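# Fold and geometry: a report
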Amino acid sequence: MILKVDNIELSYDGRIILDGIYLQAETGKLTGILGRNGSGKTSLLSIIYGTVSPKYKLIRLDEKPVTKKLYKTGLVAYLPQFSYLPKHLNLKQAFYLYDVSWEGFIKEFPSFKPLLKNKKDEISGGELRLIETYLILYIKVKIILLDEPFSGLSPLYIEKLKTIILKIKKEKILILTDHFYNDVLDIADTIYLCKDRNLKLIDNKEKLVEHGYLPLNVK
Ligand SMILES: Nc1ncnc2c1ncn2[C@@H]1O[C@H](COP(=O)(O)OP(=O)(O)OP(=O)(O)O)[C@@H](O)[C@H]1O
């Protein structure tokens, strides 16, 4: 499946945030979006998802224009920057609600086993972020949008999550944005830099320096 996002123009209060955006993402390839704070990455993901309405947009799936908001098609799941799980659910109930296997999760992350009956305010911020990201990755949809999945995670969990993302991307369209650029560069097949209201296709790390996203002395 190929997702094409084209011709997006978004303004807030008369200020143009995105203009003439083109992005292509496909099953089997991980698409990463990098960009400075405030460059418009979250806005773009929200436009694709359908919760932000720009002045113009054209979204196509396998060349067919999508006329509904994408989230209404049942094809897409979105990890927002904020926590989305309802407070009253424990983890067992949350995995049940999202139809994701707790046993599969425990196989990957055995240290979470004792947390089965805990609610979101009884686990750490990083643990919660990992669980919420994992749930989104395993929801039975074809398109996954992840806004800063690595934020708040310790290095070992980031590595584990990267392995899972690489597995998942084989059967889903996966678009992610994060400030952990080394991790994004490590696993993404296609990288876009969100800059000057537009997306620039990036083919190597040096380009990120040239575009002023990374400092000159970056490792
Ligand atoms: N609801 C809104 N009303 C007005 N301006 C907004 C709104 N949401 C975002 N903006 C502005 O739009 C610009 C893009 O914001 P966005 O959240 O998309 O950036 P971002 O690249 O995701 O940033 P970050 O990396 O900090 O999360 C910013 O200048 C922001 O202040």
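Residues numbered from 1 in each chain as written. Predicted model: local features only at pLDDT ≥ 70, side-chain atom pairs only at ≥ 80, totals over all residues. Heavy atoms only, no water.

## Quick notes on the overall build of the protein
When its secondary structure is counted, the protein shows seven helices and 10 strands. Taken over C-alpha atoms, the radius of gyration comes to 18 Å for the protein, in line with the 17 Å a tight globule of 219 residues would show. Summarising its shape, the C-alpha atoms of the protein cover approximately 50 × 45 × 35 Å along the three principal directions. Going through the 219 residues of the protein one by one, you find that 50% of them count as buried. Look at the contacts in the protein between residues 6 or more apart in sequence, and 68% of them connect residues 24 or more apart. (Helix = DSSP H or I, 4+ residues; strand = E, 2+ residues; numbered from the N terminus. Rg over C-alpha atoms; globule rule 2.2 N^0.38 Å. Buried < 20%, exposed > 50% of the residue type's maximum accessible area, 1.4 Å probe, protein only. Contact = heavy atoms within 4.5 Å.)

## Observations regarding the packing of helix H4 (residues 125–138) against helix H5 (residues 155–168)
It is the contact of H4 with H5, at a shortest axis distance of 11 Å, that shows an interaxial angle of 5°. Between H4 and H5, the interaxial angle falls into the category roughly parallel. Listed contacts from H5 to Leu-130, Thr-133, Tyr-134, Leu-137 and Tyr-138 of H4 are Tyr-157, Leu-161, Ile-164, Ile-165, Lys-167 and Ile-168. (Axes fitted to C-alpha atoms, helices over the stretch in contact; angles between N-to-C directions. Parallel < 35°, antiparallel > 145°, perpendicular 65-115°, else oblique.)

## Section: the site of the ligand
For the ligand, the set of nearby residues contains 14 residues, the closest of which are Gly-38, Lys-41, Thr-42, Ser-43 and His-179. At 2.8 Å from an oxygen atom of the ligand is found a side-chain nitrogen or oxygen belonging to Asn-37. Residue His-179 places a side-chain N or O atom 2.8 Å away from an oxygen atom belonging to the ligand. Look at the ligand: alone it shows 640 Å² of surface, and the protein chains cover 64% of it. Looking at the shell around the ligand, the elements with two or more residues in it are strand E2 (15–26) and helix H1 (41–49). Looking at the shell around the ligand element by element, the count peaks at three residues for H1. Counted by class, the shell around the ligand contains two nonpolar, eight polar and four charged residues. (Near = heavy atom within 4 Å. Polar contact = N/O pair within 3.5 Å; in protein donor to acceptor, adjacent residues only side chain to side chain. Areas by Shrake-Rupley, 256 points an atom, 1.4 Å probe, with all protein chains shown as cover. Nonpolar A, V, L, I, M, F, W, Y, C, P; charged D, E, K, R; others polar.)

## Here we look at the packing of aromatic side chains
Between two aromatic rings, the relevant description is the distance of the centres plus the angle of the planes. Tallied over the entire structure, the rule returns 16 aromatic pairs. With a centroid separation of 5.6 Å and 45° between ring planes, the pair formed by Trp-102 and Phe-105 is classed as tilted. Separated by three residues within a single helix, Trp-102 and Phe-105 lie in helix H3 (residues 102–108), roughly one turn from each other. A relative accessible area of 10% places Trp-102 in the buried class. (Phe/Tyr/Trp six-rings, centres within 6.5 Å; stacked < 30°, edge-to-face > 60°.)

## A closer look at H1
With eight of its nine residues buried, H1 lies for the most part within the structure. Gly-50 lies just past H1 and shows a positive phi near 115°.

## Considering the nonpolar core
Formed by 48 residues in total, the largest nonpolar core has its most connected members in Phe-105, Phe-112, Ile-131, Leu-137, Leu-146 and Ile-165. Broken down by element, this core gets its largest block of residues, seven residues, from H4. Once you skip the residues sitting within four places of it in the chain, Phe-105 turns out to touch Phe-95, Phe-112, Ile-131 and Tyr-134. Counting residues in hydrophobic clusters, the runner-up holds 29 residues, among them Leu-10, Val-66, Val-76 and Ile-173. (Core = buried A, V, L, I, M, F, W, Y, C linked by side-chain atoms within 4.5 Å.)

## A look at the sheet that holds strand E9 (residues 190–195)
Within a beta sheet, neighbouring strands are joined by backbone hydrogen bonds and run either parallel or antiparallel to one another. If you walk across this open sheet you meet the six strands as E6-E7-E8-E3-E9-E10, and the pairing is mixed. The open sheet has two edge strands with one neighbour each: strand E6 (76–79) and strand E10 (198–202). Adjacent strand axes in the sheet meet at a mean angle of 20° when their direction is disregarded. As defined by bridge partners, strand E3 (residues 30–35) adjoins strand E8 (residues 173–177) across four bridges and the pair is classed as parallel. Bridge pairing in E8 places Leu-30 opposite Leu-174. (Pairing = 2+ DSSP bridges.)

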